[in-house]
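Listed here are the chains, written in short residue letters.
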Amino acid sequence: MTSPRSLPMGLWWRRLWVMTAKELLQLSRDPVLLIIIAWFFTADIYIIGSGVSMELRNATLRVIDADHSAASRELIHRFRPPHFRLQGEIFAHQEGTRLLDAGESMLVLEIPAHFERDLQAGRSVDVQLQVDTSNTVLGTLATGYASRIVAGFSEDRVRRELGLTDQQLAAVPRIEERQRVWYNPNQTDPWFMAISELMTVVTMLSLMLPAAATVREKERGTIEQLMVSPLSPFQILFPKVIAMTLAILGGTAVAVFLILIPVFQIPIKGSLGLFFAITAVYVLATSGLGLFIATLSRNLGQVSMLVIVVLLPMLLLSGSWTPPEAMPEPLRAAMVISPLYYYIELGYGILLKGAGLDVLWDSLLGLAVLGSVIFSFGVWRFRRQLG
Amino acid sequence: MKLARVRTIACKEWREILRDRLFFTTAFVVPLLIMLVLGYGLSLDVENIPFAVVDHDRSALSRDYVHRFSDSRYFDFRGYATSERALDPLLADSRIRLALIIPAQFQERLLADRPVAVQALIDGIFPFRAQTTKGYLSAINGQLNRELLSDYLARTRGLTPERAAELISPVRLQQRYLYNQAIESDWSMASGLLTLVLMVSPAFLTALGVVREKESGSIYNIYASTVSRGEFILGKLTPYVGVSAFNILIVWWVATEAFGAPFKGDPLFFFLASLIYVICTAGIGLLVSILVRTQVAAVLVTMVITFIPAMLYSGLLVPLESMGPAARSEAYLFPPVYFLQIAWGSFLKGLGIDALWFQVAVLAGYAALLWTVGLFAFSKRPRR
Amino acid sequence: MGEAALVNEALAEPVLRVRGFCKRYRRRSAVEGVDLTCARGEIYGLIGPDGAGKSSLMKALAGVLAFEAGRIEVFGVNIDSERAAEKVKDRIGFMPQGLGLNLYPELTVEENVDFFAQLRQVPAPALAERKQRLLKITRLAAFRARPMKQLSGGMKQKLGLVCTLIHEPALLILDEPTTGVDPVSRRDFWAILTGLLRERGITALISTAYLDEASRFHRLSLLYQGRLLDQGTPEQILARTPGSLIEFEAMDAGRILSRLRETFAQVEGYGARMRVFVPGCEPAQAKIAVTRALDGQFKAPLRSAEPELEDAFIALLNERGLVADDTRLRLPTDPGPVSDHQGQAVIEARGLCRDFGDFRAVDQVSFRVRRGGIFGLLGANGAGKTTVIKLLTGILHPSDGSGRVADADMRGAGQTIKARIGYMSQAFSLYQDLSALENIRLYAGIYGLDRKTTAERTAWVIAMAGLGGFENTLAGQLPLGVRQRLALGCALVHRPRVLFLDEPTSGVDPIGRRRFWEILFHLSRRDGVTILLTTHYMSEAEHCDQLALMHAGRIVADASPQAMILALQAEAGQLLELEVERPLEALALLEHRFEGVGLFGRRIHLFASSPDAAEATIRTLMQGAGIRLTALRARTPAMEDVFVYRVLALERGQGAP
């Protein structure tokens with residue numbers, strides 16, 4: 001809406017400031033909302049960060065040892081914590097099936113009779129491992145560890161058999177694998193989970209808070225009071241977004257300085273200033289979607305339902321759990337329109353990888369373009385609804 | 001207990017659900033969305049890992065070595081980089097997740113029967129993926145090493161290649177994958193997600209349904225009438241349990257059709273068990289609705305008390321075995337643990353009532369407990 | 001003394017007995033020590049402004065709210081637990097506060113009724129019969145299949161009544177059933193209700209914030225801030241608060257008003273008509289007192305009139321010292337915008353139309369309001385008043401037509417208009433979680449006042465609204481009357497030339513309303529602010545300089561209140577007021593013989609083209625029925641008579657093919 005006479009810029013800014021201050025004041029008077037924000041930026045991130053670990057630990061294992069020899073015992077005892085927990089020996093195949101069915105054991109290792117004798121005779125022997133793969137992640141991990149244990153056992157036997165010393169080994173052609181894991185050398189799960197959860201929380205609140213602030217004005221009728229004033233729709237909506245962005249940035253700072261760094265010991269590689277700047281851009285972009293939700297809802301209950309409906313696809317298309325390369329082609333294409341995708345790239349890039357704008361400028365550009373499109377859309381919808 | 005009154009309340013509720021379009025849509029869309037989003041979005045298959053190579057040797061053998069990776073479905077070759085320095089931005093920008101650095105004299109050393117070190121840089125942002133990548137890497141290198149060794153033995157000890165091959169791997173592990181032979185992670189995820197969906201959606205619907213009436217003030221019609229607490233709760237919740245029962249069928253269908261999960265168990269048993277689970281989670285919603293007064297509070301409280309147990313304490317993502325003893329016993333306090341066993345048991349293991357009766361009994365116990373507490377906590381003459 | 005005897009006899013076994021009732025919410029006390037007894041067949045009123053504790057008491061009586069102290073007996077059952085309450089609930093019909101809030105918006109009229117009936121296990125044949133009868137009486141039968149959310153306010157309220165009555169309760173508890181409802185619907189509602197109650201011998205406990213409805217009750221309790229002020233029959237209460245009402249006409253209303261206020265606490269001006277309540281005096285003494293107060297500045301005949309309950313209520317509050325000292329307003333002087341275009345139209349609507357889909361909410365509306373005028377828009381719920389205000393303030397765009405507001409064209413200069421107008425909506429839309437001061441400063445900022453002006457205007461608003469001491473209280477915690485004046489202050493902070501008020505006084509107590517009107521007068525007369533407002537209080541409508549009556553989106557009459565009253569007299573004849581012993585029976589007899597027959601409290605109003613002939617007819621009719629006629633006199637119609645007569649005529653015209 002253009003004004004017939006050009007407004008002095010000072011007045012424009014003053015209105016923006018007055019409205020923003022109002023939003024912040026209102027937020028500070030809403031204990032329920034403050035508790036929610038505090039919960040999500042501290043306890044929630046802590047619970048998810050420390051709770052979700054996909055390491056395989058203590059996988060339950062039963063053994064059917066038909067040989068009971070020194071060799072079979074040696075193999076069995078290589079299945080040790082932390083990955084495996086040996087529950088003991090059973091004697092019948094059916095018993096194994098029953099335990100697997102009931103979920104009481106995850107693996108059953110079966111060593112055939114004459115295991116040791118065959119080994120000594122230089123014959124290769126098959127040992128059988130039954131794996132419960134109803135949880136495929138665990139199944140795959142367990143199988144992987146088990147093959148490594150068996151391979152290690154084999155290799156040790158071969159060396160002993162062939163009498164290869166370490167010196168001699170240096171004269172065998174082989175690939176020596178030097179693995180280096182970057183960014184998270186010890187593969188600490190909380191680093192990934194806590195940052196990922198922080199970004200999810202930021203997303204959820206950027207959808208929720210501006211939408212709630214807008215719908216609350218609709219519910220209480222104050223929106224009419226603002227509409228008869230000389231404020232433009234942009235001047236009504238943007239202060240909400242600024243105020244909520246400040247609140248979310250505050251929450252993010254709390255999460256970073258009270259949870260991520262001290263509790264999870266995440267080494268911040270890049271520039272925190274840049275991270276907060278990018279978070280601000282991201283919140284602005286996402287709040288456009290929040291405003292769109294506000295135009296569809298009549299009350300806060302509807303807002304919260306719609307937030308869930310919008311949030312879930314955003315999470316799907318974010319690439320936080322499933323990176324783009326593991327996505328089916330159509331979804332991979334759709335990720336381009338998910339602001340969270342860019343944010344995750346930027347977030348991990350800055351926090352853990354120490355990347356700067358020289359590397360991440362393309363993601364930032366994507367986020368900025370997408371953000372302005374979404375935000376303009378939100379304001380446009382709102383203006384149309386009010387007009 | 002007058003059934004006619006229960007029916008009256010149930011019919012009214014059902015009409016309201018039908019006519020509130022937004023509510024109606026979300027009642028069916030949210031479960032579907034959770035299924036699809038998490039089913040596809042939580043794909044934990046690690047495949048097509050994008051990688052780049054710095055080849056300082058540029059020999060026939062080094063190219064063969066790279067081919068071992070680029071030919072695997074687990075890896076996706078993105079090209080050669082000129083130097084280690086060039087890898088940094090590629091990893092930082094997530095364009096590759098793995099880099100191999102092949103030293104100069106790779107071919108020369110191998111042909112001279114000497115070990116050669118190959119450097120692998122792995123993106124460790126998501127530890128689970130890094131772990132899996134390491135596993136694949138070791139498997140390929142291990143295979144190559146065995147070939148090199150048997151070849152070496154054949155040459156130096158004059159064995160036949162077959163004998164040499166047999167000699168270097170005396171013990172072979174035969175894996176038998178039970179219940180999900182093809183290791184389709186979608187199958188596990190989809191059938192397991194029923195636990196989450198059927199926990200979250202009935203609780204949400206119920207909590208919102210009751211709180212809505214509290215917020216609008218129409219709850220006073222109930223307070224002021226002679227309808228008993230039991231009649232009201234039963235009548236009010238029946239439509240939501242009904243919607244959820246229908247949702248059981250929808251998500252079941254999605255799991256088998258969209259994600260291709262097999263269903264090996266007894267359909268009738270599974271449906272009834274799910275129904276008990278749904279009644280139980282609707283009871284959670286009932287309790288929430290008695291505690292809070294606004295829809296927003298209902299949504300947030302329900303979200304916190306359903307999502308977290310169903311995601312973290314059910315065994316769906318985090319293996320129960322991996323938890324500490326305290327956390328593990330905590331997990332057994334929440335209903336989702338038991339339903340996940342029923343879901344995987346019915347879908348993948350083909351189990352029935354004889355194996356799963358205990359889990360069903362626990363859920364039924366929970367349902368009875370929650371509804372009884374709800375019945376007593378609900379007051380027709382509140383303090384405010 | 002038929003009815004009184006009935007009441008006395010029934011007192012032996014009261015339907016309701018309340019002793020020392022107390023209710024607190026957390027630390028806040030809502031009701032403190034109320035006693036009350038209600039006999040069978042009685043219509044008992046609970047009267048008091050918002051926050052008086054009416055709702056808490058009624059909920060407790062209906063057995064849906066636990067309370068802290070005191071004893072409640074309903075039908076002889078001590079309501080001290082949920083179990084005890086259950087015993088009487090089948091005999092109670094309870095309708096909570098809020099227009100249609102307890103109904104189900106998505107369900108149709110019929111489905112709503114059926115639901116309530118089945119909830120109460122009304123057998124199917126009885127349900128069919130009652131539904132038929134009640135929907136017919138309430139004229140909702142034609143809307144059976146319409147979803148409740150599409151009904152107008154008056155219809156929602158009648159549907160609520162049908163739903164509450166469907167199980168034929170012996171005791172009816174209705175919490176503010178008429179708040180926010182237009183006079184015609186209100187009158188309709190009362191007619192239906194009193195008819196049904198009499199027919200079925202139902203006892204009813206009804207609360208209201210409209211004091212003019214008080215005379216419809218057999219007995220009533222006046223509540224104020226959780227305490228009982230007085231109780232008894234309306235006559236008893238009036239008798240216990242002696243005083244006289246003096247009326248006269250004056251041209252220089254503003255000056256005379258302020259002069260009278262120096263002496264008297266209860267002074268009101270309705271346009272040129274002055275109204276002074278002199279407590280504790282006979283009419284003759286009162287006239288002398290008023291003459292003395294006027295100090296010879298004014299010579300005109302003074303009339304004495306009968307005080308209304310509202311006068312008594314305010315006198316009671318004054319007597320008990322419950323009114324803040326600053327009720328007698330010392331309005332700060334405000335130079336206000338000076339304009340030399342006196343007499344020019346400040347608001348002008350030309351053929352405004354607004355469609356919502358197929359529905360035309362506003363149809364060809366045209367009118368002009370002069371600078372400094374107070375313009376009232378009247379009309380039933382859903383007549384289109386609020387939409388007109390929304391069009392003029394720019395919240396909605398007109399589908400057709402044009403207009404000028406505050407010297408700017410509505411279409412082209414939206415932003416200019418917005419800077420020159422103030423607006424206050426039905427809900428007093430303040431930010432409840434901001435303090436009074438923060439609210440004022442927010443609007444000052446929005447309108448871009450500089451620091452100095454902001455300080456000046458803030459001080460002005462605080463003085464005007466009597467906010468002293470409340471500056472840092474959250475708006476949500478202010479008493480309703482103060483909140484309303486704060487909302488007005490916020491709408492005035494930028495010195496608008498035009499002020500739009502949408503039902504600015506609904507739910508506010510009489511003192512608050514009077515005070516509010518004084519401020520409006522001051523603004524219009526001294527500062528030349530043009531005011532456009534809507535109201536459901538017809539007594540307030542008489543304060544306006546000019547009125548427009550809306551019906552179904554159109555303006556059907558546009559004149560000054562006096563002109564409207566004269567036009568009505570010319571058209572319908574003389575208004576006669578009857579005082580009779582059994583008003584309801586008398587009403588039924590008269591309805592078929594005269595035009596515009598209606599119950600006003602215990603008095604009956606009717607129109608007659610030849611008063612003498614009418615008087616004879618009435619006397620014969622009453623004699624025939626054995627009803628004693630205690631008084632019969634000619635009266636000047638009030639705005640309410642005008643409104644009811646006009647709207648009913650229009651509704652009849654619409655109903656005809």
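Reading the values: rules and limits
Residues numbered from 1 in each chain as written. Chains lettered and ligands numbered in written order. Predicted model: local features only at pLDDT ≥ 70, side-chain atom pairs only at ≥ 80, totals over all residues. Heavy atoms only, no water. Helix = DSSP H or I, 4+ residues; strand = E, 2+ residues; numbered from the N terminus. Rg over C-alpha atoms; globule rule 2.2 N^0.38 Å. Buried < 20%, exposed > 50% of the residue type's maximum accessible area, 1.4 Å probe, protein only. Contact = heavy atoms within 4.5 Å. Areas by Shrake-Rupley, 256 points an atom, 1.4 Å probe, with all protein chains shown as cover. Lys, Arg positive; Asp, Glu negative; His and termini not counted. Charge placed at Lys NZ, Arg CZ, Asp CG, Glu CD. Buried area = accessible area lost by both parts, 1.4 Å probe. Salt bridge = Lys/Arg side-chain N within 4 Å of Asp/Glu carboxyl O. Polar contact = N/O pair within 3.5 Å; in protein donor to acceptor, adjacent residues only side chain to side chain. Domains from an automatic or database assignment. pLDDT = per-residue confidence, 0-100. Pairing = 2+ DSSP bridges. Expected span 1.5 Å × (residues − 1). Arc of directions from axis to C-beta. Nonpolar A, V, L, I, M, F, W, Y, C, P; charged D, E, K, R; others polar. Patch = residues over 30% accessible without salt bridge, like charges linked within 9 Å, V, L, I, M, F, W, Y side chains within 5 Å. Core = buried A, V, L, I, M, F, W, Y, C linked by side-chain atoms within 4.5 Å. Axes fitted to C-alpha atoms, helices over the stretch in contact; angles between N-to-C directions. Parallel < 35°, antiparallel > 145°, perpendicular 65-115°, else oblique. Left-handed = near helix turned anticlockwise from the far one by under 90°.

## Notes on the overall build of chain C
Counting its secondary structure elements, chain C contains 22 helices and 28 strands. The C-alpha atoms of chain C give a radius of gyration of 25 Å, which matches the 26 Å a tight globule of 657 residues would have. With 657 residues in all, chain C has 60% of them scored as buried. In chain C, the share of contacts with a sequence separation of at least 24, taken over all contacts with a separation of at least 6, comes to 73%. Of the roughly 25400 Å² of accessible surface on chain C, 50% is carried by carbon and sulfur atoms. A gap of 2 Å separates the mean positions of the 82 positive and 77 negative side-chain charges of chain C.

## Some thoughts on the interface of chain A and chain B
Each partner contributes residues to the interface: chain A has 107 residues there, and chain B has 100 residues. A combined buried area of about 9600 Å² lies between chain A and chain B, and 63% of that area is made up of carbon and sulfur atoms. For the chain A face of the interface with chain B, the top three residues by lost area are A:Pro173, A:Ile175 and A:Met305, together amounting to 8%. Seen at the junction of chain A and chain B, the total is three salt bridges. Residue B:Arg172 is joined to A:Asp126 by a salt bridge in which the shortest nitrogen-to-oxygen separation is 3.3 Å. For the pair chain A and chain B, the interface holds 39 residue pairs in polar contact (both at pLDDT 80 or more). Looking at which element gives the most residues to the side of chain A that touches chain B, the answer is helix α6 (residues 136-162) of chain A, with 16 residues.

## Some points on the domain arrangement of chain A
According to the domain assignment, chain A contains domain 1 (9-52 + 186-386) and domain 2 (59-169). Spacing between the C-alpha centres of domain 1 of chain A and domain 2 of chain A amounts to 50 Å.

## Quick word on the confidence of the model for chain A
Low pLDDT means the predicted coordinates in that region are not meant to be read closely. Residue and element names in this part refer to chain A. Across chain A, pLDDT averages 86, with 97% of residues at or above 70. Across chain A, the secondary-structure element scoring lowest on mean pLDDT is helix α7 (residues 166-169), at 70, and the one scoring highest is helix α10 (residues 233-260), at 93. Low pLDDT (under 50) marks residues 1-6, which in the prediction has seven contacts with non-local residues, meaning those over four places away or in another chain.

## Examining the pattern of salt bridges
Counted by the stated rule, this structure contains 77 salt bridges over all chains. Between B:Arg68 and B:Glu147 there is a salt bridge, with the nearest N and O atoms lying 2.6 Å from each other. On the criterion of sequence distance, the pair formed by B:Arg68 in helix α3 (residues 60-70) and B:Glu147 in helix α6 (residues 127-157) is long-range, its members being 79 residues apart. Since its relative accessible area comes to 27%, B:Arg68 is described here as partly exposed. Here C:Lys23 and C:Glu68 are joined by a salt bridge, their closest N and O atoms 3.6 Å apart. Here C:Lys23 is found in strand β1 (residues 16-25), whereas its partner C:Glu68 is found in the loop between α2 (54-61) and β4 (69-74), with 45 residues between them in sequence. C:Lys23 gets classed as buried once you look at its relative accessible area, which sits at 0%. Salt bridges here are not isolated pairs; linked through shared partners, they connect C:Glu247, C:Arg275, C:Glu310, C:Asp311, C:Arg513, C:Arg514 and C:Glu540.

## Here's the deal with the sheet that holds β1(C)
All names here are of chain C. The four strands lie next to each other as β2-β1-β4-β5, forming an open sheet whose pairing is antiparallel. Taken across any chain shown, the strands that pair with only one partner, and hence form the sheet edges, are β2 (28-38) and β5 (77-78). Across five bridges, the pairing between β1 and β4 is antiparallel. Bridge pairing in β4 links cysteine 22 to alanine 69.

## Structural notes on helix α21 (residues 611-625) of chain C
Residue and element names in this part refer to chain C. An ideal rise of 1.5 Å per residue puts 21 Å on 15 residues; α21 measures up with 21 Å between its terminal C-alpha atoms. Residues of α21 that are buried include every one of Ala614, Ile618, Leu621 and Met622, and no others. One face of α21 carries all of its buried residues, which in axial projection span an arc of 95°. Residues Asp612, Thr620, Gln623 and Gly624 are exposed on α21 and point more than 90 degrees away from its buried face. If you follow the buried residues of α21, they end up packed against β25 (574-580), α20 (583-591), β27 (603-608) and β28 (629-635).

## Topic: the confidence of the model for chain C
Residues and elements named next belong to chain C. For chain C, per-residue confidence averages 84 on the pLDDT scale, and residues scoring 70 or more make up 93% of the total. Here residues 1-11 is modelled with pLDDT under 50, and outside its nearest four sequence neighbours on either side it reaches 12 contacts, counting other chains as well. For the stretch residues 332-341, pLDDT sits under 50, and the model shows 13 contacts to residues farther than four places along the chain or on other chains. What the predictor reports for the complex is a pTM of 0.84 with an ipTM of 0.81.

## Observations regarding the interface of chain A and chain C
With 29 residues of chain A at the contact, the number on the chain C side is 31 residues. Three residues, A:Gln225, A:Val228 and A:Pro230, lead the burial of chain A against chain C; their summed loss comes to 23% of the area buried on that side. Joining chain A to chain C, the criterion identifies three salt bridges. Where chain A packs against chain C, one counts 11 residue pairs in polar contact (both at pLDDT 80 or more). When residues of the side of chain A that touches chain C are traced back to their parent elements, those giving at least two are α1 (9-28), α8 (189-220) and α9 (222-227) of chain A. Among the residues making up the side of chain A that touches chain C, the classes are represented as 12 nonpolar, eight polar and nine charged.

## Thoughts on unusual backbone geometry
Residues and elements named next belong to chain A. Cis geometry is adopted by the peptide bond preceding proline 82, which originates at proline 81 and carries an omega value of 10°. By the element assignment, proline 82 lies in the loop between α3 (70-77) and β2 (84-89). With a phi close to 65°, histidine 114 is a non-glycine residue in the positive phi region. Within the element layout of this structure, histidine 114 appears in the loop between β3 (107-111) and α5 (115-120).

## A look at a positive patch on the surface
Residues B:Arg293, B:Arg384, C:Arg26 and C:Arg28 make up a contiguous surface patch of positive charge. With respect to the element layout, B:Arg384 can be found in the segment after α15 (353-377).

## Describing the pairing of β27(C)
Residue and element names in this part refer to chain C. The buried count for β27 comes to five of six residues, which makes it a mostly enclosed element. In this sheet, β27 lies alongside β25 in antiparallel orientation, the contact comprising six bridges. Bridged to leucine 578 within β27 is isoleucine 604. Pairing of strand β26 (residues 595-600) with β27 involves four bridges; the strand directions are antiparallel. Bridge pairing in β27 places glutamate 595 opposite phenylalanine 607.

## Describing the nonpolar core
If you look at the biggest cluster of nonpolar residues, it comprises 334 residues, and the most contacted ones within it are A:Phe41, A:Phe115 and C:Val74. Of the residues forming this core, the biggest block, 18 residues, is contributed by α8(A). When sequence neighbours within four positions are dropped, the list of residues in contact with A:Phe41 reads A:Leu198, A:Val201, A:Val202, A:Leu205, A:Ile248, A:Gly251, A:Thr252, A:Ala255 and A:Ile259. Membership of the second largest hydrophobic core comes to 109 residues, among which are A:Met227, C:Ile421, C:Val482 and C:Val647.

## Observations concerning the domain arrangement of chain C
Per the domain assignment, the segments making up chain C are domain 1 (2-233), domain 2 (242-306), domain 3 (345-559) and domain 4 (565-655). With centres defined by C-alpha atoms, the gap from domain 1 of chain C to domain 2 of chain C works out at 39 Å.

## Digging into helix α5 (residues 124-137) of chain C
Spacing of three or four residues puts side chains on the same side of an α-helix, whose turn is 3.6 residues. All names here are of chain C. Between the first and last C-alpha of α5 there are 20 Å, a value that for 14 residues agrees with the 20 Å anticipated at 1.5 Å per step. Among all positions of α5, only Leu127, Arg130, Lys131, Arg133, Leu134 and Leu135 are buried. Taken together, the buried residues of α5 touch α4 (109-119), α6 (153-165) and α7 (183-200). Note on α5: the residue one or two positions beyond its end, arginine 139, has a positive phi of about 55°.

## Points about the packing of helix α11 (residues 267-291) of chain B against α15(B)
All names here are of chain B. One way to put it is that α11 packs onto α15 with a least axis distance of 8 Å and a crossing angle of 25°. Judged by the inter-axis angle, α11 sits roughly parallel to α15. Helix-helix and strand crossings are classified by hand; for α11 and α15 the assignment is left-handed. On the side of α11, the interface is formed by Phe269, Ala273, Ile276, Tyr277, Ile279, Cys280, Gly283, Ile284, Leu286, Leu287 and Ile290, while α15 contributes Ile353, Leu356, Val360, Leu363, Ala364, Tyr366, Ala367, Leu370, Trp371, Val373, Gly374 and Ala377. Among the residues forming the contact of α11 with α15, the class breakdown is 21 nonpolar, two polar and no charged.

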